[in-house]
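Residues per chain, in single letters:
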Amino acid sequence: MPYRRPNHRPTTRTASAPGRRGRRAGLCAVLLTGFVTTAFAAGAVGPAAAADNGTTPATAQSVARVTTAVLDLDHPATKPQVRGKDVPYDTASIVKVDILSALLLQAQDAGRGLTQQERTLAEAMIEHSDNDAANALWREIGLAPGLKAVNKRLGLTSTVGGTGGLWGLTRTTASDQIGLLRAVFAADGTTSANKPALTTASRTYIRTLMTSIATDQSWGVSAASDSAWALKNGWLQRSTTGLWDVNSVGQVTSGTHHYLVAVLSDGNTSMASGIKTVESAARTAVTSARAAG
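Enquirer: Would you take a moment to explain the sheet that holds strand β7 (residues 257–268) for this structure?
Expert: Strands pair in a sheet through their backbones, by hydrogen bonds, and they do so in one of two ways: parallel or antiparallel. Taken together, the five strands give an open sheet; going across it, the order is β2-β1-β7-β6-β5, and neighbouring strands pair in antiparallel fashion. If you trace the sheet from one side to the other, it starts and ends with β2 (81–83) and β5 (229–237), each paired once. Averaged over all adjacent pairs, the angle separating strand axes in this sheet is 10 degrees, with direction ignored. As defined by bridge partners, strand β1 (residues 65–72) adjoins β2 across three bridges and the pair is classed as antiparallel. Among the inter-strand pairings, Ala 69 is bridged to a residue of β2, identified as Val 82. Contacts between helix α7 (residues 200–210) and the sheet are confined to β5 and β6 (244–254), with β5 contributing the most and set at about 65 degrees to the helix.

Quick look at the structure:
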C-alpha cells in the first residue's frame, strides 16, 4: 500500500533555491501563457518569482487560517478528522494531482496509455511543479469543465476549477483533497463515492511521481512522517494583499499506520511562515489521528 520514499528531508531548506524545471514553478503560478494580462488586471496573483525571498509588501497583515484533514488509510471506513473550517481555499499547485488524475481517467476511457509527451509533461508537472507543463495538460483535459467531469467520478463535490487558464485559482476543501488522495492511495482505488475510478496502473503512476518530488519542494505534510511519504505542495502570493496561500497534500507513514493528509492555508505573511504553519498543522493533525487509534 505505501510507497516507500526514504524520509531524507534536507536539514537546510531554502525556499529561494528552486531545482531545475521547478525554477519556473515558483508561485504555483497561475501566471499562465496567454492569461498573464488578465490575471494581473484582476489582481489574481502576485508578480512572477521563483520562490519567496522573505519579503512582502509593507501593508501586508497576516490573517492566516489553516484547515487540515486526515484519514487513517489502514482504517478507511472511518471519516477524515477535520480541524478548522472545511471551507474552500485556492489550490495553487496541489491541483496538479487532480489534473494528472483527469488526464489518466480520460486516457483510460479512450482505451490507451499516456503518450511519451504526456508522460514527460506529467513528470515535470508533479516532480518539479513545472507550470508550462501544467498549462499544456490543463488545456488537454478540457480546462475547468474537463476537471469537473472527472471530479464527479472521483466523488469530489466542493472543488471548482479556475476560469480559463487559471488552474491555480481552482478552489477546493480539505475534505475534497482527502477524497482525491483516497482515489490515488487506497489499495483498491475506492473513491469517496465508493467506487473505483483510476486503474491500478494509473494509481501507481501518480504515487510514483509524488514520491519523486524535487528535494527543495519536499516540505509540507512530510513533516508528519517518520519513515515514508508522497506529496504535492502548492504556494501562491496574492497581489491584492501580498499574502500567501501555502498548501500540502499527500500520504505519510507514522508509526505503523499510513495517513492521507491535506493541509490548506492562506493569509500567510510569507512563504516561509506558511510552510511553518503547514508543517506544524500536519504534525498536530497526524498526532491526533494516531491518538484516536
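Enquirer: Just to check I follow, could you spell out helix α3 (residues 116–127) for this structure?
Expert: In an α-helix, one turn spans 3.6 residues; hence positions three or four apart end up facing the same way. The first and last C-alpha atoms of α3 sit 16 Å apart over twelve residues, in line with the 16 Å expected at 1.5 Å per residue. Buried residues of α3: Glu 118, Ala 122, Ala 124, Met 125, Ile 126 and Glu 127, and no others. On its buried face, α3 is in contact with α2 (95–109), α4 (131–140), α7 and β5.

Enquirer: Explain the side chain of Asn 233 to me, please; I cannot follow it from the model alone.
Expert: Mapped onto the fold, Asn 233 is located in strand β5. In this structure the side chain of Asn 233 is engaged in a polar contact, spanning 2.7 Å, whose partner is the backbone oxygen of Gln 217. At a separation of 2.5 Å, a polar atom in the side chain of Asn 233 contacts the side chain of Ser 248. Contacts of Asn 233, omitting those with residues within four sequence positions, involve Ser 93, Ile 94, Ser 129, Gln 217, Trp 219, Gly 220, Asn 247 and Ser 248.

Enquirer: What am I meant to see in unusual backbone geometry here?
Expert: Peptide bonds are mostly trans, and most non-glycine residues show a negative phi. Of note, Ser 129 is a non-glycine position whose phi angle comes to about 55 degrees, a positive value. Here Ser 129 shows up in the loop between α3 and α4. Residue Leu 143 is not a glycine yet carries a positive backbone phi of 60 degrees. Relative to the helices and strands, Leu 143 resides in helix α5 (residues 143–154).

Enquirer: Help me understand the packing of α3 against α7, please; the structure alone is not making it clear to me.
Expert: If you want to describe how two helices pack, look at the angle between their axes and the distance between the axes. Contact geometry of α3 with α7 gives a least axis separation of 9 Å together with a crossing angle of 45 degrees. By the angle between their axes, α3 is oblique relative to α7. Once α3 is placed against α7, the crossing between them reads as right-handed. For the pair α3 and α7, the contacting residues are Arg 119, Ala 122, Glu 123, Ile 126 and Glu 127 in the first and Tyr 205, Leu 209 and Met 210 in the second.

Definitions and cut-offs
- Here, residues in each chain are numbered from 1, in the same order as that chain's written sequence.
- Given that the model is predicted, a residue must reach a pLDDT of at least 70 before its local features are reported, and side-chain atom pairs must reach 80 or more before they are shown or counted; all residues, however, enter totals for whole chains, interfaces and linings.
- To get the side-chain values, take all heavy atoms of the structure and skip hydrogens and water.
- One bridge is not enough; two strands pair if DSSP finds at least two bridges between them.
- What counts as a helix is a DSSP run of H or I of at least four residues, what counts as a strand is a run of E of at least two, and both are numbered from the N terminus.
- To obtain each axis, a line is fitted to C-alpha atoms, and for helices this fit is confined to the stretch in contact; angles are then taken between N-to-C directions over 0 to 180 degrees.
- By definition in these notes, contact holds between two residues if any of their heavy atoms fall within 4.5 Å.
- Multiplying 1.5 Å by the residue count of a helix minus one yields the expected span of that helix.
- When a residue's accessible area, from a 1.4 Å probe over protein chains only, is under 20% of the maximum for its type it is buried; when over 50% it is exposed; and in between it is partly exposed.
- The term polar contact refers here to a pair of N or O atoms within 3.5 Å; inside protein, the definition further demands a hydrogen-donor-capable atom paired with an acceptor-capable atom, and it admits residues adjacent in sequence only when both atoms are side-chain atoms.
- Angles are sorted into four bins: roughly parallel if under 35 degrees, roughly antiparallel if over 145, roughly perpendicular if 65 to 115, and oblique for all others.
- Should the near helix be turned anticlockwise from the far one by less than a right angle, the crossing is left-handed, and should it be turned clockwise, the crossing is right-handed.

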